[in-house]
Amino acid sequence: MTRILLLGGTGDAMQIARELGLRDVYSLAGLGKVPVDLACAVRVGGFGGAEGLARYLREEGIGLLVDATHPYAAQISANAASASRATGVPCWAVRRAPWQPQAGDDWRMVDDWAGIVAALAPFSRPLFTLGREPLAHLDEIPAHQFWIVRCLETQPGTVRSRVMDARGPFSVEGESALFSEHRIDVVVSKNSGGKATEAKLVVARRLGLPVVMLRRPALADVDREFDTPAELLAALEALSS
Ligand code: NAP
């Protein structure tokens, strides 16, 4: 049986991890919750770059590397592709399709934090939904803005910001209530794709609000790419039969 190393930290990865066997390993960076109910082993923390990951693959007798990390976790995906090339261990990846703008959407595409700040200049009540990055800039909030920052972090915020610790999935009803309560006038998002966090885009569309959308990073080619965990699991099944 091929021993699998699954790189995760996403809901998609958890779906795959639940199907792995006793000899397989699920790997997390260590930022969020560590599951305790899996049949496979769970390891937490970095490998020490692409070289460290390649060493791990060799030492642990891994036969297949599965990259189910978030589409914006570009470093670990680059390391996975590089370690796969160095060791000859094949790399498969789940690459969730990005959301596509629909009729009525007003997406403002940006490449980085400076682009976000510039795109937000005309607005006063942004909702940030792209992780922890805004927390490093809470003392730079322009005088005309109040930020709502939703991320997996508990902290008090400031006089011009509120930090909300909330984990998806989010519903259209819940997002509508949030937008209304905080008088949101613009949303800041990564293009994560998938259903779990799509509701904010539905609500922005209904309310005619713009979305400042951070472009996806380019990811290295791997041996096989799958749109969904189910497709990857079917390929794993075929491999073992
Ligand atoms: P990143 O910038 O691509 O990776 C930074 C470093 O963290 C990597 O070089 C690696 O350290 C370590 N690392 C990342 N994922 C790992 C994993 N699954 N197992 C072991 N080490 C890992 O990653 P990031 O954007 O900070 O994201 C960190 C984790 O959070 C990822 O696993 C990702 O799936 C999850 N996540 C990220 C986002 C996002 O928006 N970026 C959203 C949801 C979930 P070494 O070089 O030492 O090996």
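Here the structure is a predicted model, which means the values were calculated and not measured.

**Thoughts on the domain arrangement of the chain**
Then, in step 1: Partitioning the chain into domains gives domain 1 (4-97 + 217-240) and domain 2 (107-214).
Then, in step 2: In this structure, domain 1 and domain 2 have C-alpha centres spaced 29 Å apart.
Then, in step 3: Tallying the contact residues gives seven residues for domain 1 and eight residues for domain 2.
Then, in step 4: Summing both sides of the interface, domain 1 and domain 2 together bury roughly 620 Å²; the carbon and sulfur share of this comes to 47%.
Then, in step 5: Counting across the interface, domain 1 meets domain 2 through five residue pairs in polar contact (both at pLDDT 80 or more).
Then, in step 6: Of the residues contributing to the side of domain 1 that touches domain 2, the split by class is four nonpolar, one polar and two charged.

**Points about the site of the ligand**
Then, in step 1: Near the ligand lie 22 residues; those nearest to it are G8, S27, F47, I76 and K190.
Then, in step 2: Calculation on the ligand without its partners gives an accessible area of 810 Å², and the protein chains cover 72% of this total.
Then, in step 3: At the level of elements, strand 2 (25-28) and helix 3 (74-87) are the ones that each hand at least two residues to the shell around the ligand.
Then, in step 4: Sorting elements by how many residues they give to the shell around the ligand places helix 3 first, with four residues.
Then, in step 5: Class assignment for the residues of the shell around the ligand results in eight nonpolar, twelve polar and two charged.

**Some details on the layout of surface pockets**
Then, in step 1: Roughly 330 Å³ of volume is contained in the second largest pocket.
Then, in step 2: Taken together, 14 residues form the lining of the second largest pocket, with M1, I4, D24, L236 and S240 sitting closest to its centre.
Then, in step 3: Class assignment of the residues belonging to the lining of the second largest pocket gives a composition of seven nonpolar, three polar and four charged.

**Re the state of the cysteines**
Here, the word disulfide means a covalent bond between the sulfur atoms of two cysteines.
Then, in step 1: Counted by the stated rule, this structure contains zero disulfides.
Then, in step 2: Here C91 is not cross-linked by a disulfide; its sulfur's nearest cysteine counterpart is in C40, at 17 Å.

**Overview of the packing of aromatic side chains**
Then, in step 1: Under the counting rule described, the total for this entry stands at five aromatic pairs.
Then, in step 2: Ring geometry for W92 versus F226: centroids 5.5 Å apart, planes at 50 degrees, classification tilted. Note that W92 is positioned in strand 5 (residues 91-94) and F226 in strand 12 (residues 224-226), a separation of 134 residues in sequence.
Then, in step 3: An aromatic cluster is defined as three or more aromatic residues linked by ring pairs; in this entry it consists of W113, F128 and W147.
Then, in step 4: One cation-aromatic arrangement involves R150 over F170; the distance from NZ or CZ to the ring centre is 3.7 Å.

**A word on the sheet that holds strand 12**
Then, in step 1: In space, the six strands of this open sheet follow the order 3-2-1-4-5-12, with parallel pairing throughout. In the strand order of this sheet, the two ends are held by strand 3 (41-44) and strand 12, each with one partner. Across the sheet, the axes of successive neighbouring strands diverge by a mean angle of 20 degrees, strand direction being ignored.
Then, in step 2: Where strand 2 meets strand 3, four bridges bridge the pair, whose relative direction is parallel. Paired with L28 across the two strands is V44, which belongs to strand 3.
Then, in step 3: Helix 2 (residues 49-59) contacts strand 1 (4-7), strand 2, strand 3 and strand 4 (64-67) of the sheet and is inclined by roughly 150 degrees relative to strand 1.

**Some details on the sheet that holds strand 7 (residues 126-129)**
Then, in step 1: Pairing is parallel in the open sheet, where six strands are placed in the order 6-11-10-7-8-9. The two strands at the open ends of the sheet, each matched to only one other strand, are strand 6 (107-110) and strand 9 (161-165). Sheet twist, expressed as the average angle between the axes of neighbouring strands with direction ignored, equals 20 degrees.

What counts and how
- Residues numbered from 1 in each chain as written.
- Predicted model: local features only at pLDDT ≥ 70, side-chain atom pairs only at ≥ 80, totals over all residues.
- Heavy atoms only, no water.
- Domains from an automatic or database assignment.
- Contact = heavy atoms within 4.5 Å.
- Buried area = accessible area lost by both parts, 1.4 Å probe.
- Polar contact = N/O pair within 3.5 Å; in protein donor to acceptor, adjacent residues only side chain to side chain.
- Nonpolar A, V, L, I, M, F, W, Y, C, P; charged D, E, K, R; others polar.
- Near = heavy atom within 4 Å.
- Areas by Shrake-Rupley, 256 points an atom, 1.4 Å probe, with all protein chains shown as cover.
- Helix = DSSP H or I, 4+ residues; strand = E, 2+ residues; numbered from the N terminus.
- 1 Å grid on protein atoms, 1.4 Å probe; cavity = no way out; pocket = protein on both sides within 12 Å on 5 of 7 lines; lining within 4 Å.
- Points joined across faces, edges and corners; volume = space filled by probe spheres on them.
- Disulfide = S-S within 2.5 Å.
- Phe/Tyr/Trp six-rings, centres within 6.5 Å; stacked < 30°, edge-to-face > 60°.
- Lys NZ or Arg CZ within 6 Å of the ring centre and 35° of its normal.
- Pairing = 2+ DSSP bridges.
- Axes fitted to C-alpha atoms, helices over the stretch in contact; angles between N-to-C directions.

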